[in-house]
Amino acid sequence: MKGMNIMVVGVGGQGTLLTSRIIGKTALSAGYDVKLSEVHGMAQRGGSVVTFIRFGKEVAEPVVEAGDADILISFERLEALRYAHYLKKDGMIVVNDSRIDPMTVVTGAEKYPENIIERLKQKHNVHVIDGGSIAAELGNSRVLNSAVLGAAAKFIGFSREEWVKTVESTVPPKTAETNIKAFNKGFGE
């Protein structure tokens, strides 16, 4: 496999940073040079969180430029729409089908855009996952990110076993079993 440029976007508290670390560690354990960069918005207040992961034979810088992402992983629909311009023409968006209203929508200053998934599908390759349902089925809303990562892992590469090993060694030990179940359900979709 050649290298890859990946963006992970979400809202504060959705596991964006943990997911990025899992992707980076998986690529690193496969022998790739890996660079990560994190951009925190108002994460503590439900704001946008963006991370970049680049891996390959040799990677000079961590930031993915607009139009260069192979994969955009989004934990929320509006975040996918907001960052879709970073995707390459033949790139893939893996989006969790959920809605979290940003503060501008909550205060009434703006309206939440309609038909986001349909709009994204008009221009991009889109894989939609309902990570919230998987997390609810497993009884832990905090494993949503592992379910979405499972869906994205099929497009990134590496074996399921490599991913599971990294998930297990990265998440808090008491949540490892549930995170692995969520990952496997996402991977199996």
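See above for the structure.
Now for a description of the structure that goes with this document. (Residues numbered from 1 in each chain as written. Predicted model: local features only at pLDDT ≥ 70, side-chain atom pairs only at ≥ 80, totals over all residues. Heavy atoms only, no water.)

Thoughts on the packing of aromatic side chains
Describing an aromatic ring pair means giving the distance of the ring centres and the angle of the ring planes. For the structure shown, the criterion picks out 8 aromatic pairs. Relative to Phe158, the ring of Tyr32 lies with its centre 6.0 Å away and its plane at 70°, an arrangement referred to as edge-to-face. Residue Tyr32 is located in the loop between α1 (16-29) and β2 (33-40), and its partner Phe158 is located in the loop between α6 (144-156) and α7 (160-170); the two are separated by 126 residues in the primary sequence. The residues Tyr32 and Phe158 share a single accessibility class, namely buried. Every member of this aromatic cluster is reached through a ring pair, and the members are Tyr32, Phe55, Phe158, Trp163, Phe183 and Phe187. The ring of Tyr112 carries the charged tip of Arg99 above its face, separated from the ring centre by 4.1 Å. (Phe/Tyr/Trp six-rings, centres within 6.5 Å; stacked < 30°, edge-to-face > 60°. Helix = DSSP H or I, 4+ residues; strand = E, 2+ residues; numbered from the N terminus. Buried < 20%, exposed > 50% of the residue type's maximum accessible area, 1.4 Å probe, protein only. Lys NZ or Arg CZ within 6 Å of the ring centre and 35° of its normal.)

Quick word on the packing of α6 against helix α8 (residues 176-188)
Between α6 and α8, whose axes approach to 6 Å, the crossing angle comes to 40°. One finds that α6 runs oblique with respect to α8. Handedness of the crossing formed by α6 with α8: right-handed. Contacts between α6 and α8 involve Asn145, Ser146, Ala147, Leu149, Gly150, Ala151, Ala153 and Lys154 on the former and, on the latter, Asn179, Ala182, Phe183, Gly186 and Phe187. Taken together, the residues that form the contact of α6 with α8 break down as 7 nonpolar, 5 polar and 1 charged. (Axes fitted to C-alpha atoms, helices over the stretch in contact; angles between N-to-C directions. Parallel < 35°, antiparallel > 145°, perpendicular 65-115°, else oblique. Left-handed = near helix turned anticlockwise from the far one by under 90°. Contact = heavy atoms within 4.5 Å. Nonpolar A, V, L, I, M, F, W, Y, C, P; charged D, E, K, R; others polar.)

Quick notes on the nonpolar core
In this structure, Ile6, Ile23, Phe55, Ile73, Ile156, Trp163 and Phe183 are the most contacted members of the largest nonpolar core, which totals 38 residues. The dominant element in this core, judged by the number of residues it contributes, is α6, at 8 residues. Sequence-distant contacts of Ile6, that is, excluding residues within four places in its chain, are made with Ile23, Thr51, Phe52, Ile53, Phe55, Val64, Ile71, Ile73 and Ile156. Of all hydrophobic cores here, the second largest spans 21 residues; its members include Tyr83, Ile93, Ile117 and Val126. (Core = buried A, V, L, I, M, F, W, Y, C linked by side-chain atoms within 4.5 Å.)

Observations regarding the pattern of salt bridges
Counted under the stated rule, the structure contains 6 salt bridges. Between Lys185 and Glu137 there is a salt bridge, with its nearest N and O atoms 2.7 Å apart. One end of the pair, Lys185, is in helix α8; the other, Glu137, is in helix α5 (residues 131-138), and 48 residues separate them in sequence. The exposure class of Lys185 is partly exposed, given its relative accessible area of 33%. (Salt bridge = Lys/Arg side-chain N within 4 Å of Asp/Glu carboxyl O.)

Focus on unusual backbone geometry
Most peptide bonds take the trans configuration, and most residues that are not glycine carry a negative phi. Positive phi values are uncommon outside glycine, yet Asn115 reaches one of about 55°. As for its position among the elements, Asn115 is in the loop between α3 (103-106) and α4 (116-123). Of note in the backbone geometry, Phe158 takes a positive phi value of approximately 70° without being a glycine.

Focus on α5
All of the buried residues in α5 are Gly131, Ile134 and Ala135. The buried side chains of α5 occupy one side of the element, clustering within an arc of 95° when seen end-on. More than 90 degrees from the buried face of α5, the exposed residues found are Ala136 and Glu137. Looking at the buried side of α5, the elements it contacts are β5 (87-96), β6 (125-129), α6 and α8. Positioned one or two residues after α5, Gly139 has a phi angle of 75°, which is positive. (Arc of directions from axis to C-beta.)

A short note on the side chain of Asn145
Within the fold, Asn145 resides in helix α6. On the basis of relative accessible area, Asn145 is assigned to the buried category, the value being 3%. When neighbours within four sequence positions are excluded, Asn145 is seen to be in contact with Gln14, Gly15, Leu18, Thr19, Phe75 and Asn179.

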